[in-house]
Amino acid sequence: MTSPTISVPATTESASGSPLLSIRNVAKNFGHNVVLRDISLDIAPGEFLSILGESGSGKTTLLRIIAGFETASSGELWMAGARIDHQPPYRRPVNTVFQNYALFPHLSVEENVGYGLRVARRPAAEIVQRVSEALDKVKMTAHAKKKPSKISGGQQQRVALARALVNRPQLLLLDEPLSALDANLRRQMQLELKSLQREVGIAFVFVTHDQEEAMVMSDRIALLRSGELEQVATPREIYSRPATAYVAQFLGQTNLLKGEVRSGLARCGALSWPVSLRDGPAIFSLRPEHLRLEGAEDLPFAVQIRGRVIHQAFHGPTESIRVQCGDGLVLLMRAPSGHVPNGEVSLEFSPADAIPVRESPERI
Amino acid sequence: MFSRTYRMLVTVPPLAWVAVFLLVPYGLMFCYSFWSVSSLQTIVHSWNLKNYQELLQKPVYWETLLRSMWIAVRVMLFSLFLGYPLAYFLSFHAGKRKDLLYQMVIIPLWVSYLVRAYAWKTILGSDGVLNALLERIHLTHHPVEFLLYSPFAVVLTLTHIYTPFTFLPIYAALEHIPRNLIEASHDLGANSAQTFWKIIFPLSIPGVLAGATFAFVLSLGDFLAPLLLGGPSGIMISNVVVSLFGAAYNWPLGAAIAFCMLLLVVSLLFLSERLEKKWSFS
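Conventions we followed
- Residues numbered from 1 in each chain as written.
- Chains lettered and ligands numbered in written order.
- Predicted model: local features only at pLDDT ≥ 70, side-chain atom pairs only at ≥ 80, totals over all residues.
- Heavy atoms only, no water.
- Contact = heavy atoms within 4.5 Å.
- Buried area = accessible area lost by both parts, 1.4 Å probe.
- Salt bridge = Lys/Arg side-chain N within 4 Å of Asp/Glu carboxyl O.
- Domains from an automatic or database assignment.
- Polar contact = N/O pair within 3.5 Å; in protein donor to acceptor, adjacent residues only side chain to side chain.
- Helix = DSSP H or I, 4+ residues; strand = E, 2+ residues; numbered from the N terminus.
- Buried < 20%, exposed > 50% of the residue type's maximum accessible area, 1.4 Å probe, protein only.

## So, the interface of chain B and chain A
Of the residues lining the interface, 19 residues belong to chain B; the matching set on chain A comes to 24 residues. Buried area between chain B and chain A, summed over both chains or domains, comes out near 1,900 Å², and the portion from carbon and sulfur atoms is 64%. Of all residues in chain B, the largest losses of buried area upon contact with chain A belong to E183, D187 and L188 of chain B, amounting jointly to 35% of the total for that side. The interface formed by chain B and chain A holds one salt bridge in total.

Below, the structure written as structure tokens:
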């Protein structure tokens, strides 16, 4: 195979110049079980890229292939002009932060952090210097002499990060590093991790199943579904211009309107609005926040729907309602708290907010 | 939490067992070690330290003890050198054959000790399997005599018998090492040898200590292998105890030796447990 069989739609190539890591047509199967199909993806120097997907989507396998713990069944990995997929993990210029941190239990915090430098036989003075800098960076200097079992999960997380960063890799791989932390600590670590990444300027490949985490932290998100790349784009773009119905549903909530396009008019049940698309069946994604109460704002060419509120949920800053609109169409609407009606309602949306999405990624 | 009756039911039988079958016999043995045998071959219940003095003064006893310890040390080392690589291979590289190979290591434990000791007698004897083979391939023209009835035969047999006991705790320790630690080590730039010496081996030390203790303690107290295969030069301390309690009819001296061995073994077990704790990280 010479060219990818999936075109990754609507990709913003943040990479100007040569990529740091180039994943070319990587596939992986365990026996008959296909885990990854034909993944091609470039990672730019200094980029924060999230690999997002449900469990079983192959995201961890992809990370393990980059790290060298698994070998791809086919395809190539290129890094800084050299092919690395035949190199053992210890020769690759990447480091990993493991899901459960994988700190060495018999070594102290500082011995853990200094491990990579010691096996690389760096001079003792340099090791001491770099370890103390790394511990300082993650605010763990006070715990340097402790064994990993004596520090908390969040602290272990920081040590794992310091242990990887101290080696100054060109690329850091993170396998759901925050999933073991509780919600508050997790949000705090998201911010710390992001600012640390900007500070050190190392490219991060961050595996997560949490779409919000991916959106908050990433420069780009690569969404994996059943071993295939569904879309690779910036968080804004992937949210506002989802390429497929799956992407639209996975990142945030959406209303999928299934219908058809005929002579410049989209029809979905009783609704219709003008579009500039070719004729044929079509799916549109309409975000709940793009549905408004009729007359609340001046929307030109608004599409109007009447319906009845059947469910209401309070989220704090916003509230959401489910509206039964006839023809079995149920729409989800989200509005600032206190602005949500009850009973019979009349909703509207701008045709520009109904984003056409594909059923599945386009194939060549 | 539990009723009084329940607690009595679960605690009394084991405690009674320990008291009747362990504490009482040990107590009796301890008493015997201070008594003596009269010229009329009866045991006199007069308290003295004569037996312990005799132990220190007569080289035959402490030399035999030292030789037994030296045999036990060799068995320990050989079974570690055999057991560790085997356990390492099974734990890390055996793949699908792991369970089968594990069973094959365990099965010899179900075979009677005597059968295994006699098997070595058949192999090592002057008209045994090994000598026949050596002559067949013209390496020797006369039976090699020193194979059987020597400390060598004892060490060989005990190593064969106790290697599974060394293998098991090492294997358990290796199995408990989280595999992502090994990946983390490789990820941080360590090759396989570095990973072994810096991560795998230190984390398997509790298993090594337990295995070494098993091999040493069990070999030190062994009396069948030296009896069957040791000959005069392969006599071990337990054979001395057995003969003192038997033909020599000197229970007090036998008890004194037995008590010294008990003390030695208990302090070893204590030490080994302390070390294992020091090297275990959960």
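## Structural notes on the domain arrangement of chain A
Residue and element names in this part refer to chain A. Here chain A is partitioned into domain 1 (21-246) and domain 2 (253-357). Counting each side, the surface lost to burial between domain 1 and domain 2 is near 620 Å², with a carbon and sulfur contribution of 55%. For the domain 1 face of the interface with domain 2, the top three residues by lost area are Y239, P242 and A245, together amounting to 72%. Connecting domain 1 to domain 2 are zero salt bridges. At the boundary of domain 1 and domain 2, one finds two residue pairs in polar contact (both at pLDDT 80 or more). Take the side of domain 1 that touches domain 2: its biggest share by element is three residues, from helix α7 (residues 235-240).

## Section: the pattern of salt bridges
Overall, the coordinates contain 20 salt bridges over all chains when judged by the stated rule. For E110 of chain A, the salt bridge identified is with K145 of chain A, shortest N-O distance 2.7 Å. Here the residue E110 of chain A occupies a position in helix α2 (residues 109-119), and K145 of chain A occupies one in the loop between α3 (124-137) and α4 (153-165), the gap between them amounting to 35 residues. Ionic pairing is found between E260 of chain A and R262 of chain A, a salt bridge with its closest N-O pair at 2.7 Å. For E260 of chain A, a relative accessible area of 31% corresponds to the partly exposed category. What makes R262 of chain A partly exposed here is its relative accessible area of 47%. Taken together, the shared-partner salt bridges connect R64 and E70 of chain A together with E183 of chain B into one network.

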